[in-house]
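# Chain and residue survey
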Amino acid sequence: MFACRTRWLAMFALVVILSGCSIGDVRRTPSAPPSSAPPSSAAPGQPSSPEPVAEIRRTRLAVPERYDQPYVEFVDGEQGYALFGACDGQPPGPECRALLFATRDGGRSWQRLRHPKPVADNQQLYAAPGMLALWTEPHGWWTSTDGGQTFRHSPGEAAPVEWQATRGRFQIIEDTGRVGRWDGRALRPLPAQPPLPALTTVVEVVNADGTGHRGPVVAAGASEDGRLHAAISWDEGRRWQKTPVPAPDGEVGVLWVEVAAAEVWLVGERPDRISFPALWRLEGREWKVVSAEGHPDAGRAVPIGGGLAAVVSRRGAGAVADGRYVDLPWPLTSDHYLRLLPDGTLFAGASEGVLLGTGHVADRTWAAVILETD
């Protein structure tokens, strides 16, 4: 499939410049005039040739061939889970019991776990650092805080408190749409709410200086008339300051807050959920539009730190940096769903397997994790 190390190479010198920027107020002088392109970027509209992966981690599991492809989730570059939850497109039954596996070495080896409810109409797997959650319809939730060795059952559809606790201290209360603070057992509405007519996301910035320090709490949303709104609290939700969001080029349907390496971004999904998104970064206490000259017509953007947002599109992988879009030689296709894990690993999931990208900013070593059945 693939064979050697993916590197950022010297062709994108911007990474060296951007990765040295301080976190917080990230104002910087452009490294080159707008007319000069990075030395190794592909010509506009032409995708770069992806380099092969460095390692293929292939494992054959004792799983009958009739099982469908598993759902695979990683919580960091080492720990992950795989759920075989259907056979020939049908839910598990007595002859097709759900199978659960775990890895603690980045997918090089997998161990079978006991699934607490292997027969259910709908099997789902969710994972976060320190937490594994299984949904088994109609029996409810099963959660584990010891890597799947033991499980606790929570009947009903509401997410159990163990899973809710992994979502951060500040969350949107589903029934009311208000911002709540997790007190260890429930979400309690904040006395002071963000002064926004629409709210879709709230995120607390943590570890902004590498010491575990908690930064601001950021809330954002897009109203039905297309107007964009954001507010920031610098005192853990006691007071909120509305922060204007500069008008983007084109319409935005949904506005999300994303945090990567303590950088705070706004990602504006287009109404069709396909077209290239609008992007902003928080600089000081103001939102600045992030331009992406030469970007593809469609794509998904994921901030990854160092002032960069990685992009997956029909052209493959790319990055937005310093106002320009540049193709990357990562082994990704438009089928991959890209996500930044808490430890900085990039997780790229697709039906044919999982890719894990370790490294810093855009200098990534990619490994393919492939699970095969008997």
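Residues numbered from 1 in each chain as written. Predicted model: local features only at pLDDT ≥ 70, side-chain atom pairs only at ≥ 80, totals over all residues. Heavy atoms only, no water.

## Description of the sheet that holds strand E5 (residues 111–113)
One open sheet holds the 4 strands; their spatial order is E2-E3-E4-E5, and the pairing between them is antiparallel. Each edge of the open sheet is held by one strand with a lone partner, namely strand E2 (71–74) and E5. On average, adjacent strands in this sheet sit at an angle of 25° to one another, irrespective of strand direction. Relative to strand E4 (residues 99–103), strand E3 (residues 80–84) is paired through 5 bridges, and the arrangement is antiparallel. When the sheet's bridge partners are listed, tyrosine 81 is paired in E4 with alanine 102. (Pairing = 2+ DSSP bridges. Helix = DSSP H or I, 4+ residues; strand = E, 2+ residues; numbered from the N terminus. Axes fitted to C-alpha atoms, helices over the stretch in contact; angles between N-to-C directions.)

## Considering the packing of aromatic side chains
In the structure shown here, the tally under the stated rule is 9 aromatic pairs. Centroid distance tyrosine 67 to phenylalanine 84: 6.4 Å. Interplanar angle 90°. Geometry classified as edge-to-face. Remark: phenylalanine 84 occurs in strand E3 and tyrosine 67 occurs in the loop between strand E1 (55–60) and E2; sequence separation between them is 17 residues. Assessed through its relative accessible area of 9%, tyrosine 67 is described here as buried. Classification of phenylalanine 84 as buried rests on a relative accessible area of 1%. Ring pairing ties together the aromatic residues Tyr126, Trp135, Trp141 and Trp163, which thus form one cluster. A cation over an aromatic ring shows up here: arginine 285 above the ring of tryptophan 234, its NZ or CZ 4.1 Å from the ring centre. The ring of phenylalanine 347 has arginine 339 sitting right over it, with the charged end atom 5.3 Å from the ring centre. (Phe/Tyr/Trp six-rings, centres within 6.5 Å; stacked < 30°, edge-to-face > 60°. Buried < 20%, exposed > 50% of the residue type's maximum accessible area, 1.4 Å probe, protein only. Lys NZ or Arg CZ within 6 Å of the ring centre and 35° of its normal.)

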